[in-house]
Amino acid sequence: MTAEPIIRIRDLKVAFGPAVVLEHLDLDIPRGEVIGVIGPSGCGKSVLLRAITGLKTPESGSIEVFGQQLETLRRDERTAIERRWGIMFQDGALFSNLTVRENVMVPLKEHTKLSPALMRDLADMKIRLAGLNASAGDKYPSDLSGGMRKRAALARALALDPELLFLDEPTAGLDPITAAAFDALLRSLQRALGLTVFLVTHDVDTLHATCDRIVVLGEKHVLAVGTIPELRQVDHPWIQEYFSGPRGRAAAPVIEQEA
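Residues numbered from 1 in each chain as written. Predicted model: local features only at pLDDT ≥ 70, side-chain atom pairs only at ≥ 80, totals over all residues. Heavy atoms only, no water.

Draft legend 1. Focus on the layout of surface pockets. One number sums up the size of the largest pocket: a volume of about 480 Å³. Lining the largest pocket are 17 residues, and of these Ile87, Phe89, Pro107, Glu110 and His111 sit closest to its centre. Of all the elements in the fold, those that place two or more residues in the lining of the largest pocket are strand E6 (85-88), helix H3 (100-111) and helix H5 (146-157). The leading source of residues in the lining of the largest pocket is H3, at 4 residues. Class assignment for the residues of the lining of the largest pocket results in 11 nonpolar, 3 polar and 3 charged. (1 Å grid on protein atoms, 1.4 Å probe; cavity = no way out; pocket = protein on both sides within 12 Å on 5 of 7 lines; lining within 4 Å. Points joined across faces, edges and corners; volume = space filled by probe spheres on them. Helix = DSSP H or I, 4+ residues; strand = E, 2+ residues; numbered from the N terminus. Nonpolar A, V, L, I, M, F, W, Y, C, P; charged D, E, K, R; others polar.)

Put into structure tokens, the structure is as follows:
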């Protein structure tokens with residue numbers, strides 16, 4: 001018996017005034033997988049993430065998360081759902097006037113009644129879980145490298161022990177070595193914590209390193225869903241160019257190229 005998807009979207013329409021970005025979009029995200037979301041620039045990848053998480057109100061359609069239709073929930077019910085997911089934005093979106101520890105404590109202060117001492121201890125644990133030294137907790141975002149800021153943002157996204165993690169271009173702007181280390185960390189955390197990950201990216205290396213399946217957006221809806229080998233067989237010009245063009249071939253593991 002197939003498990004119920006952790007996210008179910010039906011006939012979604014998202015627009016900015018007269019400009020329709022997504023329309024007639026249907027999508028199921030299974031529990032326990034890392035799902036990469038790709039597509040041409042401006043196709044609505046980040047818009048879809050924001051629609052699911054309530055940061056952009058859709059024009060129509062339904063979004064169901066954890067079996068609950070989000071548009072029908074009361075504020076307190078919605079808050080309870082939001083405690084079960086974490087979000088890492090493209091630029092990290094850390095508060096510049098707060099230390100890393102204080103940034104990680106923000107969700108704990110908002111959603112729990114824990115003591116300050118316990119919140120500090122939990123924040124320090126999440127900082128270490130994200131691959132940073134404990135000493136990073138006392139630093140401000142401006143004191144950190146790009147890769148460290150990404151890890152600090154990941155620590156904050158993990159603050160409430162979420163079941164579902166949303167990541168928007170997590171390796172954007174990182175050098176290849178730092179990006180590869182972040183990919184390895186993400187995959188390790190996903191397996192250890194049993195996370196479902198909704199990952200918006202344009203990085204072919206990240207897709208190969210972390211994702212179980214890929215969702216391709218384009219033409220205002222979902223063009224295809226599948227593993228990378230399956231998507232290579234899809235007869236669509238953008239998908240073919242993405243995976244079979246020079247960069248796509250370079251990112252593919254040798255064993256996949258020989259298959």
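Draft legend 2. Spatial organisation of the packing of H3 against helix H4 (residues 116-129). One way to put it is that H3 packs onto H4 with a least axis distance of 9 Å and a crossing angle of 115°. The way H3 lies across H4 gives a crossing that is right-handed. Residue-level contacts link Val100, Arg101, Val104, Met105, Leu108 and Lys109 of H3 to Pro116, Met119, Arg120, Leu122, Ala123, Asp124, Lys126 and Ile127 of H4. Residue composition of the contact of H3 with H4, grouped by class: 9 nonpolar, no polar and 5 charged. (Axes fitted to C-alpha atoms, helices over the stretch in contact; angles between N-to-C directions. Left-handed = near helix turned anticlockwise from the far one by under 90°. Contact = heavy atoms within 4.5 Å.)

Draft legend 3. Main features of H4. The terminal C-alpha atoms of H4 lie 20 Å apart, and with 14 residues this matches the ideal 20 Å at 1.5 Å per residue to within 8%. Listed as buried for H4 are Met119, Ala123, Asp124, Lys126 and Ile127. Down the axis, H4 shows its buried residues gathered within 160° of arc, on one side only. For H4, the secondary structure elements touched by its buried residues are H3 and H5. Remark: Gly131 follows H4 within two positions and exhibits a positive phi of approximately 90°. (Expected span 1.5 Å × (residues − 1). Buried < 20%, exposed > 50% of the residue type's maximum accessible area, 1.4 Å probe, protein only. Arc of directions from axis to C-beta.)

Draft legend 4. Molecular detail of the sheet that holds strand E9 (residues 213-218). One open sheet accounts for 6 strands, arranged E6-E7-E8-E3-E9-E10; its pairing is mixed. In this open sheet, the two edge strands, each paired with only one partner strand, are E6 and strand E10 (221-226). Averaged over all pairs of adjacent strands, the angle between strand axes in this sheet comes to 15°, irrespective of strand direction. Examined bridge by bridge, E9 and E10 share 5 bridges and lie antiparallel to one another. Within the sheet, the bridge partner assigned to Val215 lies in E10 and is Val225. The strands touched by helix H1 (residues 45-52) are strand E3 (34-38), E6, strand E7 (164-168), strand E8 (196-200) and E9; relative to E8, the strand with the most contacts, the crossing angle is about 140°. (Pairing = 2+ DSSP bridges.)

Draft legend 5. Seen up close, the pairing of E7. Here E7 lies mainly inside the structure; 5 of its 5 residues are buried. Here E7 shows two buried faces, one formed by Leu164, Phe166 and Asp168 and the other by Leu165 and Leu167. Bridge count between E6 and E7: 4 bridges; the pairing is parallel. Among the inter-strand pairings, Met88 is bridged to a residue of E7, identified as Leu167. Where E7 meets E8, 5 bridges bridge the pair, whose relative direction is parallel.

Draft legend 6. Seen up close, unusual backbone geometry. Even without glycine at this site, Phe66 takes up a positive phi of about 55°. With phi around 50°, Glu169 is a residue other than glycine that occupies positive phi space. Following the sequence through the fold, Glu169 ends up in the loop between E7 and helix H6 (176-193). Of the residues examined, Glu169 reaches a relative accessible area of 10% and is grouped as buried.

Draft legend 7. Inspection of the sheet that holds strand E1 (residues 7-16) at higher detail. Judged by pairing direction, the sheet is antiparallel, and its 4 strands sit side by side in the order E2-E1-E4-E5 without closing on themselves. Either end of the sheet is taken by a strand with one partner, and the two such strands are strand E2 (19-29) and strand E5 (68-69). Of the strands in this sheet, E1, E2 and strand E4 (60-65) are in contact with H1, which crosses E1 at around 115°.

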